[in-house]
Each structure stands twice: as structure tokens, then as C-alpha cells.
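Single-letter residue listing:
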Amino acid sequence: MSRPSIAEVSALIADLAALRQDRTSAEYAALMDRKADLLERIADHTPGDTEAAEVARLARERADSLKPTD
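By convention here, each chain's residues receive numbers from 1 onward along its written sequence. Local features in this predicted model are restricted to residues whose pLDDT is 70 or higher, and side-chain atom pairs enter the listing and the counts only when it is 80 or higher, whereas totals over whole chains, interfaces and linings include all residues. Calculated side-chain values reflect all of the structure's heavy atoms, with hydrogen atoms and water omitted.

We now examine the nonpolar core. One broad trend across soluble globular proteins is that nonpolar side chains are buried collectively. Take the buried Ala, Val, Leu, Ile, Met, Phe, Trp, Tyr and Cys residues and link them wherever side-chain atoms come within 4.5 Å; each set so joined is a nonpolar core. Accessible area is worked out with a 1.4 Å probe on protein chains only. A residue is then buried under 20% of its type maximum, exposed over 50%, and partly exposed in between. Ranked by size, the top nonpolar core spans 8 residues in total: Leu 12, Leu 19, Leu 31, Met 32, Ala 36, Leu 38, Ala 59 and Ala 63. Helix and strand labels come from DSSP, where a helix needs a run of H or I of at least four residues and a strand needs a run of E of at least two; each type is numbered from the N terminus. Of all the elements in the fold, those that place two or more residues in this core are helix H1 (6–21), helix H2 (25–44) and helix H3 (50–66). For this core, the element with the most residues is H2, which contributes 4 residues. Should any heavy atoms of two residues lie within 4.5 Å, those residues are counted as being in contact. Not counting residues up to four positions away in its chain, the partners in contact with Leu 19 are Glu 27, Tyr 28 and Leu 31.

Looking now at H3. Every helix has an expected span of 1.5 Å times one less than the residues it contains. With 17 residues, H3 should reach 24 Å at 1.5 Å per residue; the first-to-last C-alpha distance of 25 Å fits that figure. Turning to H3, its buried residues number three or more, namely Ala 52, Ala 56, Ala 59, Arg 60 and Ala 63. Angular distribution of buried residues about the axis of H3 spans 105°; they occupy a single face of the element. Seen from the buried face of H3, the exposed residues on the opposite side, beyond 90 degrees, are Thr 50 and Glu 51. Looking at the buried side of H3, the elements it contacts are H2. Distance and chemistry together define a polar contact, namely a pair of N or O atoms within 3.5 Å, with one atom able to donate a hydrogen and the other to accept it when in protein, and with adjacent residues in sequence counting only for side-chain atoms on both sides. For H3, the N-terminal capping position is held by Asp 49, with its side-chain oxygen 3.2 Å away from the main-chain nitrogen of Glu 51. Directions drawn from the helix axis to the C-beta atoms are what define this arc.

Here it is as C-alpha cells:
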């Protein structure tokens, strides 16, 4: 996994703020997947940080729960 950048974190925060105004379920699910990916990458680059790993795990669980079950 690539190291997350400050620009990616900033973009995610901006998109979260914008989505609060007008969102669809699909947009929300995609954004939560992006958030989980970013948190997983942060955790990957901070080995030994159990809190970062737990936050990433919970974010992934949430993102996966929002995926459609065709």
C-alpha cells in the first residue's frame, strides 16, 4: 500500500463535508470505502499502533456493510 498523503486526507475531509449537504446511498458507500482505504493505509505505515489498526478495522467493517448485496 502506498503511503497516504496530506492532500488525500484533505480531499477526503472536503468530500465528507460536501456530501453532508446532498448525498445518495451509493455516494456515501463509495466515500466510506475511500475512508476505510485511507485509514488502512495510515495503519499500514504506523506499525505497532494498535489504535490506528483498530480504527481502520472498524472503518472497513462499516464500509463493507454499506456495499450492495446484489
